[in-house]
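Observations on the three-dimensional arrangement
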Amino acid sequence: MHQLTIAEIILGLRRKVFSSTELTRHLLDRIQQLDSGFNSFITVTEERALTQAKAADQRLAGGEAPALCGIPIAHKDIICTSGVRTSCASKMLDNFVPPYDATIVEKLNAAGAVTLGKTNMDEFAMGSSSESSYYGPVKNPWNTSCVPGGSSGGSAAAVAALLVPGSTATDTGGSIRQPAALTNTTGLKPTYGRVSRWGIVAYASSLDQAGPIARTAEDAAYLLSAMAGYDPRDSTSLNRPQSDFGKGLNNALTGLKIGIPTEYFGEGLNPRTAACIQEALREYERLGAQLLDISLPHSKLAIPAYYVIAPAEASANLSRFDGVRYGYRCQTPEDLRDLYRRSRGEGFGEEVQRRILVGTYALSAGYYDAYYNKAQQVRRLIKQDFASAFEQVDVIMGPTTPAPAFKLGAKSADPVAMYLEDIYTIATNLAGLPGMSIPCGLVDNLPVGLQIIGNYLDEARMLNIAHRYQQATNWHTASAIAV
Amino acid sequence: MEWEIVIGLEVHVQLSTKSKLFSGASTRFGSEPNTQACAVDLAMPGTLPVPNEEAFRYAVMFGLAMQARIGKRSVFERKNYFYPDLPKGYQTTQLNQPIVGAGEVEIYLADGGNKTVRLHHAHLEEDAGKSLHEDFHGMTGIDLNRAGTPLIEIVSEPDMRSATEAVAFLKKIHSVVTYLGISDGDMSQGSMRCDANVSLRPKGETELGTRTELKNINSFRFVERAIRAEAERQIDILEDGGNIVQETRLYDVDKDETRSLRSKEVANDYRYFPCPDLLPVILSDDYIEQLRVQLPELPDAKAARFQSEYSLSTYDANLLTQERATADYFETVSRACNAPKLAANWITGEISALLKRQEITISQSPVSPQQLASLIVRIKDNTLSSKIAKRVFEAMTKSADMADEIIQKHGYTQVSDSRALEKMVDEVIATNSTQVENYRKADEAKRPKMMGYFVGRIMKASSGQANPQMLNKILKEKLDALL
């Protein structure tokens, strides 16, 4: 049962091949048996999952059940779940149990999904390897001495290890797509504003966007259809008509214009990864698409701009974790300053502290224009790059990551090397565009991801493009572990 | 040397919206601590701000009333600093693009003159919570009921040249916001607070001296006293050849002096940047025009109308229109008795003294407008002398009786019967032969003054009820007949 896709489970449940309770029990058992090897969950909500599954079974028996009724999923532990600890993989929030659900949790619950638990991640979503968690690093099911990518490494690893068919994740600079690429899963970061951020602990508000990780584009479409939509509780939420993302999946790709940015195929790209991407692009030509070389001239500025804007926003977003109202508080503070200093010093991990410091510096008097303002100017240029590209092409394709998964600890001492992991993904966050990663090959038995970048609100077409590829190839069905 | 005081004010006005600036929690005053703070006000992780439309409307109404430029595009920024009663670790406020731009305020001075004070801008922001130091033995309690309450901060140019002008400015702001109904203006409850920037320069000098900022003054009276005390302190330093240190100071009411709170050198770097959770607020011309036509009659317009409609002096008209409640009170009285000048005199005289004595506002006045009108009617038709009228008024402060009831109960009717008056005059002439003799011998010019003696005797004998005009006439006739 655990290797089934969401689409297959929907059929199985409706045809009464198995019940949601059976499936849920089975996956909970697998998590219990296997997850110590991957560390992809922080919290498993067994009792709640079984209650939800039972309720789903009753609704399924009664007919008229919503789309995802009885489908087991997991939520990244940065997404608030009412009554269930939401730690952000930080000591700071180790004891934090929100009294509310994030909007996407509400929506997925309403769609009938069953929550198995909360997945591990980089602390406060800051990282590209899922090694900075207070609860220990996540391991890549394809090779447990390798990282699964980050920051949504737990959500990706849980899907890759066949512990859950789909999960929610967040992507601020590539945190859905990069781990999806490194674990052979399908991950989609929607257009900024497509999915509500309400109830998702903020890292960098203007870049954060939640999306699904699943085994197929079709499954991602199911999850996105449930997650997306206008939310009056999030002022940056887009008020646009809701699409059923599963509808156009089989549309033909004849005449599709795919832009290939020359900047994404230069120095730093692993040649064997490049070869996998080239092969995937040839497959698209076979499917009727046309490849065009394009240029995104400001690409090389994306990482520096990101590492000014994201930490700047983070430095303010994380100010609330001060030991005063909730979360971690240091023992016996001497005075208020000491309470702040030690609560934050002891509660936050190294990378979080590094970014808070960088962000505070970038915003400080005398440096604001040189850093923050300059970065915002770069951001506008990057947006313009994409805007001109989309005048010529329908989608943009390239590698998701420069290379396959690296060894645990390999980049821990070198933050910049770690930051370069997101070199191809960060620009879309700066531009607010949707981006996706789908499996497209293996290098030394480690997965390679093809990135698809779409125009604003063009998720339906991206899913169509991904789905047709997955109909024509088998890379997405390759499994990390013996079934 | 002759010194000139230069004063600029920053006035914080709490807007009387039902809910907070960015959350649905109530803004009511005086509730149990932390009963009006929702997850957003507590800055719980994942929560997001949603702007309160009513607050924008109020701010725009204020701007329109001040003839100010309205910021059609305003931007919220984060002002970052740590304080236990600032839950998010930043205050959401407006810096570079406020909702109200430059404007002008006409102020009226006690000597009858007036002056234009320029408004620099006014911006929307959220209030912080309150730290409670009593009852917590070595610890601090935090009440977040006020956190997130909408404020407009009104910043003047340094155009005021005396403490009196500063008070007049503050009163004008108070008058406008209460007229508009956008704030209760209650300074004792902190609905209106004021910071004053005070500097000195030699008279004739155009450059500004070093200023100090007097924080959180919460009454009209203290604004005046605090500025006077600070100006004296600065003069002493300057005349001794010293320099003023730029710093924030507090006014100590008991000692009538200001003292240093913190110097600007160690002031925070607030690291303002645009709040990524809130989009810029764009106001359409239609929206602004709609508010413009809905504005109520404002104090200046009302004062002009009072002058033309009721033939009041400029001074009286300004005095009566300063507070909307006073103006309404006046109009009710004036319409009921059809004697606007008498009404104005009584309100600026007796009523005003009564309110000051009892430390209450006009809406709490024990003498209702209907009562006062009934009294004025009886003054106008000569039933009451002004002396008796004051007694009737005194009775009104203790009961809800109308003038006629009081007159009847106490037998206060004025004696206007000429035969009765003649009898009184005859009697006083008969019993005061020495004074009559003196009157006869006196110079023509001295006689009117001497008549006062007889009037006094008769008034005393009649308990003040004799109609003074008639009495004077009869007495003069009778005395002159003896010449």
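Residues numbered from 1 in each chain as written. Chains lettered and ligands numbered in written order. Predicted model: local features only at pLDDT ≥ 70, side-chain atom pairs only at ≥ 80, totals over all residues. Heavy atoms only, no water.

Test applied: UniProt positions are given in the numbering used here, feature names are shortened, and annotations may be inferred rather than shown by experiment.
Going by what an unreviewed UniProt entry lists, chain B is known as Aspartyl/glutamyl-tRNA(Asn/Gln) amidotransferase subunit B and is assigned to Microbulbifer spongiae. In its Subunit (unreviewed entry) section, the UniProt record describing chain B reads: "Heterotrimer of A, B and C subunits." We quote the UniProt Sequence similarities (unreviewed entry) comment for chain B here in full: "Belongs to the GatB/GatE family. GatB subfamily."

The name an unreviewed UniProt entry gives chain A is Glutamyl-tRNA(Gln) amidotransferase subunit A, with Microbulbifer spongiae as the organism. The UniProt entry for chain A carries the following comment under Sequence similarities (unreviewed entry): "Belongs to the amidase family. GatA subfamily." On record in UniProt, under Catalytic activity (unreviewed entry), the comment for chain A is "L-glutamyl-tRNA(Gln) + L-glutamine + ATP + H2O = L-glutaminyl-tRNA(Gln) + L-glutamate + ADP + phosphate + H(+)".

Concerning the UniProt feature "active site" (unreviewed entry) in chain A
Residues and elements named next belong to chain A. Cut-off, in case you're wondering: Strands are runs of DSSP state E lasting at least 2 residues, helices are runs of H or I lasting at least 4, and numbering of each runs from the N terminus. Only heavy atoms enter the contact rule, under which two residues are in contact if any of them lie within 4.5 Å.
Mapped onto the present numbering, the UniProt feature "active site" (unreviewed entry) falls at Lys76, Ser151 and Ser175. The greatest C-alpha distance among the residues just named is 11.1 Å, despite their covering 100 residues of sequence, which places them together in space. Mapped onto the secondary structure, Lys76 falls in strand β2 (residues 72–76). When neighbours within four sequence positions are excluded, Lys76 is seen to be in contact with Lys118, Thr119, Met121, Ala125, Ser151, Ser152, Ser155, Thr168, Ala169, Thr170 and Ser175. In this structure, Ser151 sits in the loop between β3 (114–119) and α5 (153–160). Setting aside residues no more than four positions away along its own chain, Ser151 makes contact with Lys76, Asn120, Met121, Asp122, Ala125, Met126, Gly127, Ser130, Thr170 and Ser175.

Structural notes on unusual backbone geometry
Residue and element names in this part refer to chain A. Rule in force here: Exposure categories follow from relative accessible area, calculated using a 1.4 Å probe and restricted to protein chains: below 20% of the type maximum is buried, above 50% is exposed, and the middle band is partly exposed.
Backbone torsion omega between Gly150 and Ser151 reads 5 degrees, so that peptide bond is classified as cis. Even without being a glycine, Cys88 presents a positive backbone phi close to 55 degrees. Checked against the element boundaries, Cys88 lands in the loop between β2 and α4 (103–110). Given the relative accessible area of 0%, Cys88 is considered buried. For Ala89, which is not a glycine, the phi torsion comes out positive at approximately 55 degrees. Among the secondary structure elements, Ala89 is positioned in the loop between β2 and α4. Here Ala89 falls in the buried class, since its relative accessible area comes to 0%.

Some points on the UniProt feature "domain: Amidase" (unreviewed entry) in chain A
Residues given the UniProt feature "domain: Amidase" (unreviewed entry) here are residues 22–463 of chain A. In the segment residues 22–463 of chain A, helix accounts for 36% and strand for 14%; the C-alpha atoms at its two ends are 30 Å apart.

Section: the interface of chain A and chain B
Defined as follows: Each of two parts loses accessible area, computed with a 1.4 Å probe, when they are put together; buried area is these two losses added. Whenever Lys or Arg places a side-chain nitrogen within 4 Å of a carboxyl oxygen from Asp or Glu, that contact is recorded as a salt bridge. Side-chain atoms alone can form a polar contact between residues adjacent in sequence; in general such a contact is a pair of N or O atoms within 3.5 Å, and within protein one must be able to donate a hydrogen while the other accepts it. Only Asp, Glu, Lys and Arg are considered charged in this grouping, and only Ala, Val, Leu, Ile, Met, Phe, Trp, Tyr, Cys and Pro are considered nonpolar; every other residue, Gly among them, is considered polar.
Between chain A and chain B, the contact holds 38 residues from the first and 32 residues from the second. Of the roughly 2,700 Å² buried at the junction of chain A and chain B (both faces included), carbon and sulfur atoms supply 61%. Of all residues in chain A, Ser235, Arg320 and Arg325 of chain A bury the most surface against chain B, accounting for 22% of the area lost on that side. Counting every contact that joins chain A to chain B gives 1 salt bridge. The salt bridge partner of Arg197 of chain A is Asp277 of chain B, with a shortest N-O separation of 3.1 Å. On the surface where chain A and chain B come into contact, there are 15 residue pairs in polar contact (both at pLDDT 80 or more). At the level of elements, α9 (302–317), α10 (336–347) and α11 (350–363) of chain A are the ones that each hand at least two residues to the side of chain A that touches chain B. The element that contributes the greatest number of residues to the side of chain A that touches chain B is α9 of chain A, accounting for 4 residues. Residue composition of the side of chain A that touches chain B, grouped by class: 21 nonpolar, 9 polar and 8 charged.

Some remarks on the UniProt feature "domain: Asn/Gln amidotransferase" (unreviewed entry) in chain B
With numbering matched to this structure, UniProt assigns "domain: Asn/Gln amidotransferase" (unreviewed entry) to residues 328–479 of chain B. A helix fraction of 72% and a strand fraction of 0% characterise residues 328–479 of chain B, whose end C-alpha atoms lie 48 Å from each other.

Quick look at the pairing of strand β12 (residues 247–252) of chain B
All names here are of chain B. To be explicit about the condition: The pairing criterion for strands is at least two bridges between them, as found by DSSP. Seen with its strands pointing away from the viewer, a crossover is right-handed if its path from the first strand over the helix to the second goes clockwise.
In terms of burial, β12 is largely enclosed, as 5 of its 6 residues are buried. With 2 bridges connecting them, strand β11 (residues 212–217) and β12 associate as parallel partners. If you follow Glu213 over to β12, its bridge partner there is Thr248. Assessed by its sense of winding, the connection that carries the chain from β11 through helix α3 (residues 220–239) to β12 is left-handed.

Quick word on the packing of aromatic side chains
Worth spelling out the cut-off: We call Phe, Tyr and Trp rings a pair once their centres come within 6.5 Å, taking the six-membered ring for Trp, and we label the pair stacked below 30 degrees between planes, edge-to-face above 60, and tilted otherwise.
Counted under the stated rule, the structure contains 28 aromatic pairs over all chains. Both rings, one in Tyr439 of chain B and one in Phe454 of chain B, keep their centres 6.4 Å apart while their planes meet at 85 degrees; by these two values the pair is edge-to-face. Here Tyr439 of chain B, found in helix α13 (residues 433–441), pairs with Phe454 of chain B, found in helix α14 (residues 447–461); they are 15 residues apart in sequence, far enough to count as distant. Phe454 of chain B shares its class with Tyr439 of chain B; the two are buried. An aromatic cluster of at least three residues, connected via ring pairs, comprises Phe96, Phe124, Phe321, Tyr326 and Phe348 of chain A.

What to know about the pattern of salt bridges
Opposite charge on two side chains permits pairing when their charged atoms draw close. Scanning all chains against the criterion turns up 62 salt bridges over all chains. A salt bridge links Arg197 of chain A to Asp234 of chain A; the nearest nitrogen and oxygen atoms lie 3.7 Å apart. Of this pair, Arg197 of chain A sits in the loop between β5 (186–189) and β6 (209–214) while Asp234 of chain A sits in the loop between α7 (217–227) and β7 (257–261); the two residues are 37 residues apart in sequence, bridging distant segments of the chain. We classify Arg197 of chain A as buried; its relative accessible area is 4%. Ionic pairing is found between Glu422 of chain B and Lys478 of chain B, a salt bridge with its closest N-O pair at 3.8 Å.

Quick look at the packing of α13 of chain B against α14 of chain B
All names here are of chain B. Here is the rule we go by: Here an angle of 0 to 180 degrees is reported between the N-to-C directions of two axes, which are lines fitted to C-alpha atoms, with helices fitted over the stretch in contact. Orientation is classified from the angle alone, with under 35 degrees giving roughly parallel, over 145 giving roughly antiparallel, 65 to 115 giving roughly perpendicular, and any other angle giving oblique.
The geometry of α13 relative to α14 is characterised by a closest axis approach of 10 Å and an angle of 170 degrees between their N-to-C directions. With respect to α14, the element α13 is oriented roughly antiparallel. Along the contact surface, α13 presents Gln435, Val436, Asn438, Tyr439 and Arg440, while α14 presents Arg447, Met450, Met451, Tyr453 and Phe454. Looking at the contact of α13 with α14 residue by residue, the classes come out as 6 nonpolar, 2 polar and 2 charged.

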